[in-house]
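The primary structure of each chain is shown beneath.
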Amino acid sequence: MSEKTVSIDIKKDLFGANEEAASKNAEVFKKHGIVAIDIMGSVGTGKTQLIEALCERLSEKYPILMIAGDLATRIDADRVGSHGVDTVQINTGTACHLDARMIRVAIDDTDISKYKVVFIENVGNLICPAGYSLGVGKKVVVVSVTEGPYMIRKHPLTIKRSDMVVINKIDLAEVLDFDVDALERDIREVDANLPVFKVSSKIGTGLDKLIEYLGL
Ligand SMILES: Nc1nc2c(ncn2[C@@H]2O[C@H](COP(=O)(O)OP(=O)(O)OP(=O)(O)O)[C@@H](O)[C@H]2O)c(=O)[nH]1
Ligand SMILES: [Mg+2]
């Protein structure tokens, strides 16, 4: 009689498989010279609004694909699609983040070679998405002045795992008596060198600088 006990490190297994899929996505993006950007952030920080604003400014210059992650609906994909860019909506059902294999499905479902820019809107959540590489060139966190002053101090890991931070809705800072500079200091405490952009996706403030930094 054989009585084996096998221990599986599920976390290691899951993350290992994801990293492998992410490398394959990165190869595809590289092969076609695509700038791929993963946009993360809590519910309602303005991720879709930011992508809409970027598409308004860039869609005549580049063929753009937007991949939207949400548990349900294709509301965000349709919002961005109204600017004349192609979209793929991924409905994750119960998952609180996108992962590399979901992006692979979206890539395989389109003629990816047609695009030069891929904006990926992750599921609205400041915690889970940061743990999953998608194979993109840049991970951007969008925070905003409507979430209160402590989100950076409460979520340092997400900030550490991103390549840049967008502080959105600065047009509302005065009326909300929100100290944007203090929030930026909190970001600098986590990572002194992380690029930070203060923008209003609604009005357009700060977007030119952001686009320039993205090399677009
Ligand atoms: N005043 C102002 N409102 C904004 C700005 N950006 C987004 N909003 C508003 O904030 C609300 C949420 O914006 P969305 O773009 O839907 O936010 P989201 O992060 O995509 O939300 P989820 O996809 O649900 O996580 C909308 O009513 C936007 O119009 C901004 O810069 N200024
Ligand atoms: Mg959205």
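Definitions and cut-offs
Here, residues in each chain are numbered from 1, in the same order as that chain's written sequence. The naming scheme follows written order: chains are lettered A onward, ligands numbered 1 onward. In view of the model being predicted, local features appear only for residues whose pLDDT reaches at least 70, and side-chain atom pairs are presented and counted only at 80 or more, with totals across whole chains, interfaces and linings using the full set of residues. To get the side-chain values, take all heavy atoms of the structure and skip hydrogens and water. Per the convention used, a helix needs a DSSP run of H or I reaching at least four residues, while a strand needs a run of E reaching at least two, with both numbered from the N terminus. Any pair of N or O atoms that falls within 3.5 Å is considered a polar contact. Within protein, one atom must be able to donate a hydrogen and the other to accept it, and sequence-neighbouring residues count only if both atoms are side-chain atoms. Contacts were defined at the residue level, with two residues in contact if any of their heavy atoms lie within 4.5 Å. The rule for a residue being near a molecule or strand is that one of its heavy atoms must lie within 4 Å of it. Only the protein chains shown count as cover for residues, and all accessible areas are computed by the Shrake-Rupley method using a 1.4 Å probe. Three categories are distinguished: nonpolar for Ala, Val, Leu, Ile, Met, Phe, Trp, Tyr, Cys and Pro, charged for Asp, Glu, Lys and Arg, and polar for the others, with Gly belonging to the last. Nonpolar core, defined: a set of buried Ala, Val, Leu, Ile, Met, Phe, Trp, Tyr and Cys residues in which side-chain atoms within 4.5 Å join the residues together. Accessible area is worked out with a 1.4 Å probe on protein chains only. A residue is then buried under 20% of its type maximum, exposed over 50%, and partly exposed in between. Counted as donors are the N, O and S atoms within 2.8 Å of the metal, or 3.2 Å for Na, K and Ca, while water is not among the atoms, so some sites may look incomplete. Within this analysis, the arc is defined by the directions that extend from the helix axis to the C-beta atoms.

(A) Highlighting the side chain of Asp186. Inspection of the secondary structure puts Asp186 in helix α7 (residues 180–190). Polar contacts involving the side chain of Asp186 include one to the side chain of Arg153, which spans 3.4 Å. In contact with Asp186, other than residues within four places in its own chain, are Pro149, Ile152 and Arg153.

(B) Broad picture of the site of ligand 1. Every one of the 19 residues lining ligand 1 counts as a neighbour, but Lys47, Thr48, Gln49, Arg79 and Asp171 are closest to it. In this structure, Asn168 approaches ligand 1 through a side-chain N or O atom, which is 3.1 Å from a nitrogen atom. Within the complex, the protein chains bury 78% of what would otherwise be the 650 Å² of accessible surface of ligand 1. Of all the secondary structure elements, the ones that give two or more residues to the shell around ligand 1 are α2 (47–58) and α3 (75–81). Its residues assigned to classes, the shell around ligand 1 shows 2 nonpolar, 10 polar and 7 charged.

(C) The nonpolar core, seen in detail. Of all hydrophobic cores here, the largest spans 28 residues; its most connected members are Leu54, Leu58, Ile64, Phe119, Leu210 and Leu216. When contributions to this core are tallied by element, the ones reaching two or more residues are β1 (35–40), α2, β2 (64–70), α3, β4 (117–121), β5 (138–144), β6 (164–168) and α8 (207–213). A per-element tally of this core places α2 first, with 6 residues. Membership of the second largest hydrophobic core comes to 20 residues, among which are Phe29, Ile34, Leu65 and Ile103.

(D) Structural view of the coordination of the magnesium ion (ligand 2). Surrounding the magnesium ion (ligand 2) are the protein donor atoms Thr48 (OG1), Asp76 (OD) and Glu121 (OE), at 2.0 to 2.1 Å. Considered as a linear motif, the donors of the magnesium ion (ligand 2) on their single chain read T-x27-D-x44-E. Here Thr48 is found in helix α2, whereas its partner Asp76 is found in helix α3, with 28 residues between them in sequence. The class for Thr48 is buried, based on a relative accessible area of 4%.

(E) View of helix α4 (residues 100–108). For α4, the full list of buried residues reads Ala100, Met102, Ile103, Ala106 and Ile107. In a view along the axis of α4, the buried residues occupy a sector of 155 degrees, so they form one face of it. Exposed side of α4, more than 90 degrees from the buried face: Val105 and Asp108 are the residues found there.

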